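# Results of the structural survey
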Amino acid sequence: MTRVVVVGSGGREHALADVLSRTASDVIVTPGNPGIPGSVATPATELDADLFVIGPEVPLVDGLADELRAQGKLVFGPGADGAQLEGSKAYMKELLVAAGVPTAAHGSFTEAGPAIAFLDTMTEPFVIKTDGLAAGKGVLVTDDRAEAEAAIHEYLSGDAFGAAGSTVVIEEGLVGPEVSVFAICDGTKAVALAPAQDHKRIFDGDGGPNTGGMGAYTPLPWADPELVDTIMRNAIEPTLAELQRRGIDYRGTLFAGLMLTPSGPKMLEYNVRFGDPETQVVLPRIDSDLVQLLSEAAAGNIESTPTFSNDAVVTVVCASEGYPASARTGDLIEGIDDARDLDGVSVYAAGVKTNADGALVTGGGRVLNVVGRGPTMNDAVARAYAGVAKISWPGMQHRTDIAHQAK
Ligand code: AMP
Ligand code: GLY
């Protein structure tokens, strides 16, 4: 009998709850959303459970894991100290360099003059990032020098991202395919889950601005079978060792976002949580007991080894009109049950709410994750898009090319 509390309110938390409920007797999601079964408004600090799993970065950076641990709870998710890896890109870059993890050359700046002088030393693509959290939108990658310079001014002035932009990080532009790897850490050891690829840009063919993620797939048929081992050895293990050297007992997911450059994998960023939407494809492939793995990590002693189905899993994010610049909300969502009736299709609820009549309507930028699963990537893609075809609301947008690199 294991009762699990999942903290968060998006598609990632829906997927976590879904997969944890395969072996947990009871899964509660707080605050959840009206599309996630088991959602309750009661805050995590007032709930009791055998295991707490914290989904999003903001409560981790704000110290929720510390607070729950102080109450004697078993928590999967780093404390505020470890969460700085995602809370501050400048801190992350400094730690990567200290740990000897390959990453893009960079500088961190609080003043426009030195930032622009550094920009003058870089070649395109120019990469400008907010130091602080910006929901995946604080990154500009552009070949246009004037746009890069304008972004530096906008970020530093606070106009674009408030305090999150008061330090900017300027990076060497890297090229190559991207991979996402989740390492489940117990403070001293880490085990990897199956790798996935996200699609960050809003439009087909990787056009338009960056988003939180418009779709994902796993496995990566084009990747070297040694890739995950290489990443564990050259990035995750040295990072965990460096965290330990700093007295940080990191129990949670280290989510490595890497670019596979001609000179080897380089770390773009760490996140201190599961990725969204990668979680929606990686977790369904786990054949072993996720509750047990996360409980062991939370207790500081991973003993089990996760195993994965060979199935392909693909998710397509359905977003509201205007995303990512803005998001129109309140549009009636139709067709979720018809999509779920299809073979190999599931639907996770992300940015949804109910209207005055109790009907499910759009409530954010990324609204639903339609997930297709099948024996081949082509099957999984066809199933995901058959599910998407059943769903509609005014202004719904989605990419039509998710997993195209894998077919
Ligand atoms: P981040 O939130 O730091 O992962 O950045 C979001 C996205 O911007 C990444 O997934 C990449 O597509 C792109 N990006 C970030 N840093 C770089 C870089 N140094 N070179 C090229 N593209 C980058
Ligand atoms: N999908 C990328 C992220 O969760 O940050």
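Check the entry above for the structure.
In this report, we go over the structure that sits alongside the text. (Residues numbered from 1 in each chain as written. Chains lettered and ligands numbered in written order. Predicted model: local features only at pLDDT ≥ 70, side-chain atom pairs only at ≥ 80, totals over all residues. Heavy atoms only, no water.)

This brings us to empty space enclosed by the protein. Any empty space left between atoms is shown by rolling a water-sized probe over those atoms. Inspection of the entire model under this criterion finds one cavity of 30 Å³ or more. As a volume, the largest cavity reaches approximately 40 Å³. By residue class, the composition of the lining of the largest cavity is five nonpolar, four polar and one charged. (1 Å grid on protein atoms, 1.4 Å probe; cavity = no way out; pocket = protein on both sides within 12 Å on 5 of 7 lines; lining within 4 Å. Points joined across faces, edges and corners; volume = space filled by probe spheres on them. Nonpolar A, V, L, I, M, F, W, Y, C, P; charged D, E, K, R; others polar.)

So, about the sheet that holds strand β4 (residues 75-76). If you trace the four strands from one edge of the open sheet to the other, you get β2-β1-β3-β4, paired in parallel fashion. Among the strands making up the open sheet, the edge pair consists of β2 (26-31) and β4. Where strand β1 (residues 3-8) lies against strand β3 (residues 51-54), four bridges are found, and the strand directions are parallel. In the strand pairing of β3, Val6 is matched with Val53. (Pairing = 2+ DSSP bridges. Helix = DSSP H or I, 4+ residues; strand = E, 2+ residues; numbered from the N terminus.)

With that settled, the discussion passes to the site of ligand 1. Taken together, 16 residues lie near ligand 1, and Lys129, Leu174, Glu178, Lys200 and Glu269 sit nearest. The side chain of Glu178 places a nitrogen or oxygen atom 2.4 Å from an oxygen atom of ligand 1. The set of elements that each furnish at least two residues to the shell around ligand 1 consists of β6 (126-130), β7 (139-142) and β16 (264-271). Residues of the shell around ligand 1, tallied by class, amount to seven nonpolar, two polar and seven charged. (Near = heavy atom within 4 Å. Polar contact = N/O pair within 3.5 Å; in protein donor to acceptor, adjacent residues only side chain to side chain.)

Lining the immediate environment of ligand 2, one finds Asp198, Lys200, Gly212, Phe255, Asn271, Arg273, Gly275, Asp276, Pro277 and Glu278. Contacts to ligand 2 include Gly212, whose backbone N or O atom sits 3.4 Å from a nitrogen atom. Asp276 has a polar backbone atom sitting 2.9 Å from a nitrogen atom of ligand 2. If ligand 2 stood free it would expose 200 Å²; the protein chains cover 91% of that surface. Grouping the amino acids of the shell around ligand 2 by side-chain chemistry returns two nonpolar, three polar and five charged. (Areas by Shrake-Rupley, 256 points an atom, 1.4 Å probe, with all protein chains shown as cover.)

Residues three or four positions apart in an α-helix share a direction because the helix packs 3.6 residues into each turn. Burial in helix α5 (residues 89-99) covers these residues: Lys89, Met92, Lys93, Leu95, Leu96 and Ala99. For α5, the buried positions fall inside an angular range of 165° around the axis, keeping them on one side. Of the residues one or two after α5, Gly100 is the one with positive phi, at around 75°. (Buried < 20%, exposed > 50% of the residue type's maximum accessible area, 1.4 Å probe, protein only. Arc of directions from axis to C-beta.)

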